[in-house]
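Understanding the architecture of this molecule
Here are the chains, one letter per residue:
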Amino acid sequence: MSQSIIISGGSRGLGQAVVQTLLEDGHRVATFSRSRTPFVDETATAYEGRFWYQQVDATDSQALYEFVRDTNERWGQVDALINNAAVAIDGVLALANEDDLDQMLAINLKAALILGKECSRIMLAQGHGNIINITSIIALRGFSGLVAYAATKAGMVGMTQSMARELGGRNIRVNAIAPGYLETDMSEALSEHQRSQIIRRTPLGRLGKSEDVVPWVQFLLSPESAFATGQVITVDGGASV
Amino acid sequence: MNDSSELEQKIGDVINRVLADSGRSPKALAAGDTLTGDVGLDSLDLAVMVVGLEQALGVDPFRQGARAVQTFGELVELYRNTLNGSSS
């Protein structure tokens with residue numbers, strides 16, 4: 001059944017792959033990012049009426065509220081929210097720039113909370129909903145040089161479990177997906193040494209791809225996962241085993 | 001909109017819709033009724049009520065920083081003040 005879905009950060013990387021697949025599946029997809037990409041322009045033409053994009057700064061709570069409100073007005077409901085937007089600024093914590101810490105907290109965690117707040121209000125009123133938080137294996141296992149990023153992603157795990165408890169009785173499910181390192185723009189910053197270290201520690205012997213994660217999003221959006229809430233699904237090629 | 005009984009009626013309608021949606025009977029609301037005790041709303045009911053009031057009245061005082069209120073009368077007062085503030 002066609003759903004009305006909001007996904008943050010759907011203009012590139014994993015978000016782009018999720019947007020593309022959900023549109024192919026027949027859903028209506030609303031997404032935003034800080035900057036427009038060629039993918040957005042192509043998709044706006046190819047899926048006119050079912051794809052809605054706005055340039056929104058995720059650190060602007062009022063803009064997030066307006067985006068959710070406008071999506072709800074446009075399509076009459078918000079069936080699902082996918083909290084995907086994130087930034088990773090690496091470097092040891094001892095030398096971290098405070099503005100970088102603020103930015104990661106604002107985009108990775110606070111924006112997810114604000115979107116969760118705004119969407120859950122709509123979902124409570126409509127009597128159903130589905131929230132998927134894209135966290136990271138780093139939230140569960142840690143990674144040198146990504147302390148603040150790990151903290152924000154671990155925050156998302158706590159958010160997932162608490163929202164699942166809070167909203168389960170109102171027919172709203174909340175789950176998280178924790179990918180390992182993916183071959184996306186965000187992993188381009190890895191050094192060759194880090195890259196081969198991750199691959200060496202991964203039983204399936206490679207970095208993940210967006211295509212490895214997207215089917216889990218589809219599953220969590222589907223009725224087949226109706227009895228799953230508060231779960232964190234690890235998709236990391238076994239690296240965390 | 002600023003007419004007191006009309007506002008009370010609109011807020012009461014939203015509260016009774018929240019009760020009806022979960023299979024509970026509507027209530028005649030008095031100013032002193034506590035929302036969670038006498039009316040029987042839980043915290044998620046209150047969230048649904050606030051969304052319903054935003055749709056019905058076009059304002060959400062809690063988004064503007066208002067703290068929780070206890071009674072129906074306080075709720076009406078809060079929305080009256082917010083509406084008066086937003087129209088001035």
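A brief structural summary. Small disclaimer: the values here were computed from a predicted structure and weren't measured. (Residues numbered from 1 in each chain as written. Chains lettered and ligands numbered in written order. Predicted model: local features only at pLDDT ≥ 70, side-chain atom pairs only at ≥ 80, totals over all residues.)

1. Things to note about the overall build of chain B
The secondary structure content of chain B amounts to three helices and zero strands. Scanning chain B from its N terminus toward the C terminus, one meets helices and strands in the order α-α-α. Projected onto the principal axes, the alpha-carbon positions of chain B cover approximately 40 × 25 × 20 Å. Per-residue burial over chain B gives 24% buried out of 88 residues. Considering only contacts in chain B between residues 6 or more positions apart, those separated by 24 or more positions represent 60%. (Helix = DSSP H or I, 4+ residues; strand = E, 2+ residues; numbered from the N terminus. Buried ≥ 20, exposed ≤ 12 C-beta atoms within 10 Å, placed from the backbone. Contact = placed C-beta atoms within 7 Å.)

2. Details of the environment of A:Gly10
Residues and elements named next belong to chain A. Tracing the sequence through the fold places Gly 10 in the loop between β1 (4–8) and α1 (13–24). Once the C-alpha coordinates of Gly 10 and Phe 32 are considered, the two residues, 22 residues apart in sequence, prove to be 6.2 Å apart. Ignoring any residue separated from it by four or fewer positions in sequence, one finds Gly 10 in contact with Gly 15, Gln 16, Val 18, Val 19, Thr 31, Ser 33 and Asn 84.

3. Quick word on the sheet that holds strand β6 (residues 172–179) of chain A
All names here are of chain A. Strand order across the open sheet formed by seven strands is β3-β2-β1-β4-β5-β6-β7, with parallel pairing between neighbours. Every interior strand has two partners, whereas the edge strands, β3 (51–55) and β7 (232–235), have only one. On average, adjacent strands in this sheet sit at an angle of 15° to one another, irrespective of strand direction. Summarising the sheet, strand β4 (residues 80–83) and strand β5 (residues 129–134) pair through four bridges and their orientation is parallel. Within β5, the position partnered with Ile 82 by the bridge is Ile 132. (Pairing = 2+ DSSP bridges. Axes fitted to C-alpha atoms, helices over the stretch in contact; angles between N-to-C directions.)

4. Topic: the interface of chain B and chain A
Each partner contributes to the interface: chain B provides five residues, whereas chain A provides four residues. Taken together, the residues that form the side of chain B that touches chain A break down as four nonpolar, one polar and no charged. (Nonpolar A, V, L, I, M, F, W, Y, C, P; charged D, E, K, R; others polar.)

5. Observations regarding the environment of A:Gln16
Residue and element names in this part refer to chain A. Residue placement: Gln 16 occurs in helix α1. You can call Gln 16 buried: it has 23 C-beta atoms within 10 Å. Note: C-alpha distance between Gln 16 and Thr 37 (21 residues apart in sequence) is 10.0 Å. Gln 16 has contacts with Gly 10, Ser 11 and Phe 39, leaving out every residue within four places of it along the chain.

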